[in-house]
Amino acid sequence: MSLTPALLEELELLNMFNLDNGQQGIKIHSDAESSIIAAGQRLFDKGMITLPDGGYLTPRGLETSEHAQVLITLLQG
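Residues numbered from 1 in each chain as written. Predicted model: local features only at pLDDT ≥ 70, side-chain atom pairs only at ≥ 80, totals over all residues. Heavy atoms only, no water.

Asker: Where do I start with the sheet that holds strand 1 (residues 26-27) in this structure?
Answerer: Strand order across the open sheet formed by 3 strands is 1-3-2, with antiparallel pairing between neighbours. Looking at the sheet topology across the chains shown, the edges are occupied by strand 1 and strand 2 (49-51). Relative to strand 3 (residues 54-57), strand 2 is paired through 2 bridges, and the arrangement is antiparallel. Among the inter-strand pairings, Ile49 is bridged to a residue of strand 3, identified as Leu57. (Pairing = 2+ DSSP bridges. Helix = DSSP H or I, 4+ residues; strand = E, 2+ residues; numbered from the N terminus.)

Next comes the structure, spelled out in structure tokens:
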């Protein structure tokens, strides 16, 4: 399995969520880069966020985001 640009964009979006505040979602604006809009749609289709343009993490998305953020922290570190 390789890290495709699409997968990296999804990881980047998951990394934007504040895991310390479950009441804080994200909004992908209509004028965002098309690749980010597409990443949001893919995460929604995978059941990880509540809306195609962001929203909140689902339970599955929360778990995935936690793992992604730990991995990113470890690799930066």
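Asker: Teacher, can you tell me more about the packing of helix 1 (residues 5-15) against helix 3 (residues 59-76) here?
Answerer: When two helices pack together, their arrangement is given by the angle between the helix axes and the distance between those axes. Put simply, helix 1 and helix 3 touch, their axes get as near as 9 Å, and they point 100° apart. Relative to helix 3, the element helix 1 is oriented roughly perpendicular. On the side of helix 1, the interface is formed by Leu11, Leu14 and Asn15, while helix 3 contributes Gly61, Thr64, Ser65, Ala68, Gln69 and Ile72. Residue classes in the contact of helix 1 with helix 3 are distributed as 4 nonpolar, 5 polar and no charged. (Axes fitted to C-alpha atoms, helices over the stretch in contact; angles between N-to-C directions. Parallel < 35°, antiparallel > 145°, perpendicular 65-115°, else oblique. Contact = heavy atoms within 4.5 Å. Nonpolar A, V, L, I, M, F, W, Y, C, P; charged D, E, K, R; others polar.)

Asker: Sorry, what's going on with the packing of helix 1 against helix 2 (residues 34-45) here?
Answerer: Following both chains from N to C, one finds helix 1 and helix 2 inclined at 80°, their axes separated by 9 Å at the closest point. The angle between the axes of helix 1 and helix 2 places the two elements in the roughly perpendicular class. Across the interface between the two elements, Ala6, Glu9, Glu10, Leu13 and Leu14 of helix 1 pack against Ser35, Ile36, Ala39, Gly40, Arg42 and Leu43 of helix 2. The residue inventory of the contact of helix 1 with helix 2, partitioned by class, reads 6 nonpolar, 2 polar and 3 charged.

Asker: Help me out: how do you make sense of helix 3 in this one?
Answerer: Spacing of three or four residues puts side chains on the same side of an α-helix, whose turn is 3.6 residues. Taking 1.5 Å as the rise per residue, helix 3 with 18 residues should run 26 Å; its terminal C-alpha atoms sit 26 Å apart, in good agreement. Listing the buried residues of helix 3 in full gives Gly61, Ser65, Ala68 and Gln69. All buried residues of helix 3 fall inside an arc of 100° around its axis, so they share one side. In helix 3, those exposed residues whose orientation departs by more than 90 degrees from the buried face are Pro59, His67 and Leu74. (Expected span 1.5 Å × (residues − 1). Buried < 20%, exposed > 50% of the residue type's maximum accessible area, 1.4 Å probe, protein only. Arc of directions from axis to C-beta.)

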